[in-house]
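These are the residues of each chain, in order.
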Amino acid sequence: MVKIGATEGPKQLEDCTVSNALGTWIFSIAGALLAIPVGIKRKSLGPLVFFGTTGTMLDIIMGITACEREHAERQMKLLEEQRLENTAAAEVENELQ
């Protein structure tokens, strides 16, 4: 079993966060598609800035949330495996006595 050290855990979380934040683009596209007709109607770039940045921020937040969820699931799995190993070791020790 491979155990994640204190230095490896945050690095993996950071890599996951960056890849998830850059891998999502749905809200950015939706914001731009919504902003173009509104911007043409108002003859302004304000809607493009507003909806574009809002969509981008939603994409980043969704990516970070997904990454945090994956990281928490991985940590729970590791804790469960450690608990099972400790239980098995205690049972073997009790049998030897």
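Here's a quick rundown of the structure. (Residues numbered from 1 in each chain as written. Predicted model: local features only at pLDDT ≥ 70, side-chain atom pairs only at ≥ 80, totals over all residues. Heavy atoms only, no water.)

1. Let's talk about the overall build of the protein
Scanning the protein for helices and strands turns up three helices and zero strands. Listing every helix and strand of the protein by position from the N terminus yields α-α-α. Taking all 97 residues of the protein together, the buried fraction comes to 16%. Long-range contacts, defined as pairs at least 24 residues apart, comprise 78% of the intrachain contacts of the protein with a sequence gap of at least 6. Surface summary for the protein: the accessible area is close to 7,600 Å², and the carbon and sulfur share equals 66%. (Helix = DSSP H or I, 4+ residues; strand = E, 2+ residues; numbered from the N terminus. Buried < 20%, exposed > 50% of the residue type's maximum accessible area, 1.4 Å probe, protein only. Contact = heavy atoms within 4.5 Å. Areas by Shrake-Rupley, 256 points an atom, 1.4 Å probe, with all protein chains shown as cover.)

2. Let's talk about the packing of helix α2 (residues 26–42) against helix α3 (residues 46–96)
Interhelical geometry of α2 versus α3 gives an angle of 170° and a closest axis separation of 7 Å. Judged by the angle between their axes, α2 and α3 are roughly antiparallel. Taking contact as the criterion, the partners of Ile26, Phe27, Ser28, Gly31, Ala32, Leu34, Ala35, Val38, Gly39 and Arg42 in α2 are, on α3, Pro47, Leu48, Phe51, Gly55, Thr56, Leu58, Asp59 and Met62. Classifying every residue of the contact of α2 with α3 by side-chain character gives eleven nonpolar, five polar and two charged. (Axes fitted to C-alpha atoms, helices over the stretch in contact; angles between N-to-C directions. Parallel < 35°, antiparallel > 145°, perpendicular 65-115°, else oblique. Nonpolar A, V, L, I, M, F, W, Y, C, P; charged D, E, K, R; others polar.)

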